[in-house]
Protein chains: 4
Amino acid sequence: MKPVCFVMGAGAGIGGTVGKKFAAEGYHSVLCRRSDQDGLDKLVGDIKADGGDASGYLLNAVEENTIEDRVAAVESEIGPIEVVLFNLGAQIGDRPLADTTYKQFELGWRMANFALFRIAKSVCPRMEERGHGTFLVTSATAAVRGNAGQHSHAAAMGGRRMLCQTLNAEFSPKGVHIAHILVDGAVDAPDTLGKLLGEESYQKLRETRGMEHDGLLLPSKMAETYYHLSQQHRSAWTHELDLRAFSDRPWWNH
Amino acid sequence: MKPVCFVMGAGAGIGGTVGKKFAAEGYHSVLCRRSDQDGLDKLVGDIKADGGDASGYLLNAVEENTIEDRVAAVESEIGPIEVVLFNLGAQIGDRPLADTTYKQFELGWRMANFALFRIAKSVCPRMEERGHGTFLVTSATAAVRGNAGQHSHAAAMGGRRMLCQTLNAEFSPKGVHIAHILVDGAVDAPDTLGKLLGEESYQKLRETRGMEHDGLLLPSKMAETYYHLSQQHRSAWTHELDLRAFSDRPWWNH
Amino acid sequence: MKPVCFVMGAGAGIGGTVGKKFAAEGYHSVLCRRSDQDGLDKLVGDIKADGGDASGYLLNAVEENTIEDRVAAVESEIGPIEVVLFNLGAQIGDRPLADTTYKQFELGWRMANFALFRIAKSVCPRMEERGHGTFLVTSATAAVRGNAGQHSHAAAMGGRRMLCQTLNAEFSPKGVHIAHILVDGAVDAPDTLGKLLGEESYQKLRETRGMEHDGLLLPSKMAETYYHLSQQHRSAWTHELDLRAFSDRPWWNH
Amino acid sequence: MKPVCFVMGAGAGIGGTVGKKFAAEGYHSVLCRRSDQDGLDKLVGDIKADGGDASGYLLNAVEENTIEDRVAAVESEIGPIEVVLFNLGAQIGDRPLADTTYKQFELGWRMANFALFRIAKSVCPRMEERGHGTFLVTSATAAVRGNAGQHSHAAAMGGRRMLCQTLNAEFSPKGVHIAHILVDGAVDAPDTLGKLLGEESYQKLRETRGMEHDGLLLPSKMAETYYHLSQQHRSAWTHELDLRAFSDRPWWNH
């Protein structure tokens with residue numbers, strides 16, 4: 001039975017691409033995303049066409065029991081979850097305080113913070129019992145600094161980073177590897193950056209900085225590091241690292 | 001008309017003591033706390049006995065409209081809020097993930113994170129219009145590192161710190177000073193530390209480390225720095241500082 | 001006998017101004033700087049004209065025994081050093097690696113890092129014996145992030161920050177307060193910023209951002225916080241804080 | 001012609017082991033260390049016995065021109081340096097300020113900080129011209145927090161971390177990857193930890209925490225991550241990561 005890589009947030013960017021990578025390396029990738037059945041089917045189909053195993057589910061991470069039920073079903077029907085890729089974002093673009101609603105602020109927390117707590121509650125005890133497992137948590141610069149207009153996003157991400165630390169403090173000694181991956185730059189991802197910028201600006205950005213120029217973070221290259229983290233020997237684990245394109249300025253530099 | 005210092009979380013520790021300090025310096029202190037009408041009355045009475053102005057309100061910061069309505073009432077009935085002391089904590093002691101409920105995790109966020117967002121939404125626009133104002137946000141070590149057992153607290157506090165940064169990024173240029181005060185040690189406060197430890201352990205701690213020995217953070221001394229922050233000239237503002245007793249080990253040292 | 005405030009780097013900006021402040025508060029200010037006897041005499045004269053006590057010395061902080069001998073002489077001839085203001089900078093402007101010489105790199109370390117070690121070696125044992133004392137260490141953003149062109153400055157400042165932490169770890173429990181003051185912005189200081197920018201650009205900057213507009217850090221306002229730190233009760237000490245003008249962007253924001 | 005991996009600090013722990021790894025992956029490993037010709041010969045011999053290429057040199061990194069001359073000789077005689085592993089430490093154990101001499105403090109800086117500046121001055125321009133290259137800089141917890149007794153080590157390491165950032169800011173856009181590897185725990189290394197603890201304590205530690213128990217960082221496992229960093233695609237580079245054993249407590253946790 002193949003080990004399972006459970007992906008929350010399996011769009012066409014990091015989530016789906018890392019899911020593909022794990023499938024190529026011998027995992028059964030369980031791909032969960034909120035919407036776009038067609039996109040999901042295509043992703044699963046691509047993996048299968050390459051000889052890998054994958055299953056896809058639409059899953060609304062802010063609704064009750066969705067995560068919990070899916071984890072339980074996967075564990076009983078597919079196999080033990082060896083790797084969780086938590087890849088839900090909550091970026092809603094820059095907006096001043098006056099334009100950030102209570103609802104948005106709460107939704108940011110529910111997706112980027114509470115959903116991680118929920119899946120940790122569901123999966124960590126199983127990993128602890130088995131004595132091994134990995135959480136790969138995609139994170140953003142907003143986890144370490146709060147920029148103007150990022151009220152909802154930064155509050156959610158800052159909480160997420162601390163939650164990764166408390167999970168690590170409790171579960172690392174029990175064999176569960178928690179990795180906080182600070183993605184510090186624009187990712188070449190149509191489902192997130194593409195939607196945020198709009199079709200035309202996104203294509204322009206890709207042409208000037210992305211693809212050939214490697215100025216956007218390429219998910220297929222990021223996936224190498226995600227996979228490496230999952231394979232680190234427990235005598236030498238990384239809890240936190242950053243990722244950015246060579247030509248990009250780190251968040252701490254002006 | 002006196003400027004108002006609006007205190008959320010006005011217990012017998014930092015909140016009430018800083019409230020007293022501002023009253024002594026010529027502010028009208030508005031003291032809000034969730035429970036203990038007697039304690040609140042005593043605090044208000046003490047301030048008035050010393051010739052100061054104060055008003056006290058029981059206020060449940062996780063209920064709808066409580067904060068918003070109180071802010072509006074104070075602004076129209078007492079005067080413009082010049083200083084907000086946001087002093088709500090969400091420490092529930094160390095407990096493993098299995099013993100941390102969804103409800104506790106959400107409550108931590110509602111008190112320590114969302115309540116700050118709500119009062120910022122209510123007060124910042126008024127301060128911006130007036131061109132000045134100060135937010136003093138009591139914070140904890142859990143805002144910068146997640147220890148074992150602190151899932152709820154650290155996630156809430158980490159989000160709080162980022163929210164202070166996004167508020168600062170937007171409102172500092174408009175004259176509103178946001179200060180994030182990292183309280184890195186045990187505070188000599190009966191309402192919080194006292195309840196967490198129990199009467200007997202608390203007294204023992206006070207006798208061995210506190211009071212004469214200055215090994216606990218003394219709220220009356222902390223209040224000097226809170227007040228100083230509120231009086232800093234806008235050409236030299238502090239956004240973040242730490243506070244601990246001389247004999248205590250900073251969080252970053254082993 | 002007045003307590004002594006010993007200032008290393010007593011130019012016309014932070015150093016001299018904080019020296020004045022301490023003199024006004026009842027300290028004997030010992031003002032040390034590398035050059036400009038006239039500027040030094042004026043500073044001492046101004047303090048005396050205001051009824052304060054001050055002494056001035058030219059002192060080259062990279063030469064052997066200069067610091068050690070001056071500390072010994074002050075302690076025996078003027079009085080116990082209660083406060084050290086370590087205010088030596090090593091900013092040489094942005095220059096690429098190719099244009100940063102071994103000599104510059106070493107000089108940066110000698111001034112900004114080794115000189116602090118030397119004065120700590122000289123003064124800390126005396127403060128420890130007396131059971132009290134304060135080190136106020138002016139620092140810069142380069143202590144927490146390394147920008148392009150800052151090879152010498154950032155390496156020296158990063159080391160300085162860690163040295164403040166090791167000093168704090170050893171001496172804080174013995175009653176010696178070490179404060180690391182992260183000055184995150186341009187200071188309205190003719191001897192440093194003025195020389196870096198040149199007369200004309202400096203005046204333009206002052207007119208557009210400084211003085212009336214409070215967009216530069218004003219040393220006389222910063223001095224309030226320096227002084228406050230030295231007066232904090234030992235139950236509530238600050239080890240690190242930042243200072244910047246309200247209109248300035250913190251180093252962590254883009 | 002094989003690409004060269006140039007190791008400064010090639011003892012029996014991280015340096016030599018990573019050198020072996022790169023040799024096994026097709027690099028010519030140039031191994032430099034201060035002393036122990038026999039150990040060096042054995043290392044080179046082991047690599048050659050495994051079919052790899054290596055050269056060994058005794059090199060005193062605090063003497064003038066040693067680094068510069070070796071870099072020049074390697075570039076002209078062996079081949080272009082594709083990877084630098086900077087692995088010099090400066091840990092001298094915990095000692096109070098009174099027992100830390102000027103000489104020790106300066107030596108710490110010369111080895112851990114200035115030597116990196118020197119090799120960067122020598123190698124970066126060549127890598128820039130070639131448009132690619134990698135610096136792997138082994139670092140320590142002392143780079144991010146200063147513990148008691150670590151005056152010399154922490155000051156040197158804090159400076160080293162900032163220097164890595166300034167190098168990254170200048171050279172990353174030119175294709176040179178700078179990685180700061182924060183080794184946060186005891187490494188199973190006879191030449192450093194072994195000497196620090198003494199033979200007997202070291203063996204006891206290995207038996208209780210190391211080897212079978214994976215409680216010490218195992219250099220052969222760390223080498224996997226060092227190598228991975230050197231192979232990251234430039235669209236997704238890591239500048240900083242931490243490494244520790246699963247059972248170890250991160251530096252930020254108490």
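**Structural notes on the confidence of the model for chain A**
Averaged over all residues, the pLDDT of chain A equals 95, while 99% of them reach at least 70. For this predicted complex, the interface confidence score (ipTM) comes to 0.96, while the overall pTM stands at 0.97.

**A look at the interface of chain A and chain B**
Counting residues at the interface gives 39 residues for chain A, matched by 39 residues for chain B. With both chains or domains summed, chain A and chain B bury close to 3,100 Å², and 68% of this area falls on carbon and sulfur atoms. At the surface where chain A touches chain B, the tally comes to 2 salt bridges. Linking A:E106 and B:R110 is a salt bridge whose minimum nitrogen-to-oxygen distance equals 3.3 Å. Taken together, the elements giving at least two residues each to the side of chain A that touches chain B come down to α4 (102–130) and α5 (151–171) of chain A. Broken down by element, the side of chain A that touches chain B gets its largest block of residues, 13 residues, from α5(A). Residues belonging to the side of chain A that touches chain B are distributed by class as follows: 21 nonpolar, 11 polar and 7 charged.

**Considering the relation of the copies chain A and chain B**
Overlaying chain A with chain B gives an RMSD of 0.0 Å, the required rotation being 180° about an axis along which the chain moves by 0.0 Å. Here the transformation between the copies is reduced to the relation of a two-fold axis. Rotation axis and chain A: the residue whose C-alpha lies nearest the axis is A:G159, separated from it by 2.1 Å. Most of the interface of chain A is mirrored in chain B: 100% of its interface residues are interface residues there too.

**Remarks on the nonpolar core**
Counting residues in each nonpolar core, the largest one holds 74 residues, and the members touching the most others are A:F6, A:I119, A:F135, B:F6, B:I119 and B:F135. For B:F6, the residues in contact, after removing those within four places along its chain, are B:V30, B:C32, B:R70, B:V71, B:V74, B:I81, B:V83, B:V84, B:L85 and B:I119. Core analysis: the second largest hydrophobic core is formed by 73 residues, C:V30, C:F105, D:F105 and D:V176 among them.

**Thoughts on the interface of chain D and chain A**
Each side of the interface is counted separately: chain D has 36 residues, and chain A has 36 residues. By the criterion of area lost to chain A, the three top residues of chain D are D:R234, D:S235 and D:F246, representing 24% of everything that side buries. Remark: the boundary between chain D and chain A carries 2 salt bridges. One salt bridge connects D:R234 with A:D214, and the closest N-O pair in it is separated by 2.6 Å. Inspection of the region where chain D meets chain A yields 22 residue pairs in polar contact (both at pLDDT 80 or more). Elements with a contribution of two residues or more to the side of chain D that touches chain A: α5 (151–171), α8 (219–231) and β7 (240–243) of chain D. A breakdown of the residues in the side of chain D that touches chain A according to their chemical character gives 14 nonpolar, 14 polar and 8 charged.

**Digging into the packing of helix α1 (residues 14–24) of chain A against helix α8 (residues 219–231) of chain A**
Residues and elements named next belong to chain A. Close contact between α1 and α8 brings their axes to 9 Å; oriented N to C, the two are set at 55°. Classed by the angle they form, the pair α1 and α8 counts as oblique. Along this stretch, α1 crosses α8, giving a crossing that reads as right-handed. Contact with α1, carried on its side by I14, T17, V18, K21 and F22, involves P219, S220, M222, A223, E224, Y226, Y227 and S230 of α8 and no other residues of that element. Of the residues that constitute the contact of α1 with α8, the class distribution is 8 nonpolar, 3 polar and 2 charged.

Conventions and cut-offs
Residues numbered from 1 in each chain as written. Chains lettered and ligands numbered in written order. Predicted model: local features only at pLDDT ≥ 70, side-chain atom pairs only at ≥ 80, totals over all residues. Heavy atoms only, no water. pLDDT = per-residue confidence, 0-100. Contact = heavy atoms within 4.5 Å. Buried area = accessible area lost by both parts, 1.4 Å probe. Salt bridge = Lys/Arg side-chain N within 4 Å of Asp/Glu carboxyl O. Helix = DSSP H or I, 4+ residues; strand = E, 2+ residues; numbered from the N terminus. Nonpolar A, V, L, I, M, F, W, Y, C, P; charged D, E, K, R; others polar. Least-squares fit on C-alpha atoms with pLDDT ≥ 70 in both. Core = buried A, V, L, I, M, F, W, Y, C linked by side-chain atoms within 4.5 Å. Buried < 20%, exposed > 50% of the residue type's maximum accessible area, 1.4 Å probe, protein only. Polar contact = N/O pair within 3.5 Å; in protein donor to acceptor, adjacent residues only side chain to side chain. Axes fitted to C-alpha atoms, helices over the stretch in contact; angles between N-to-C directions. Parallel < 35°, antiparallel > 145°, perpendicular 65-115°, else oblique. Left-handed = near helix turned anticlockwise from the far one by under 90°.

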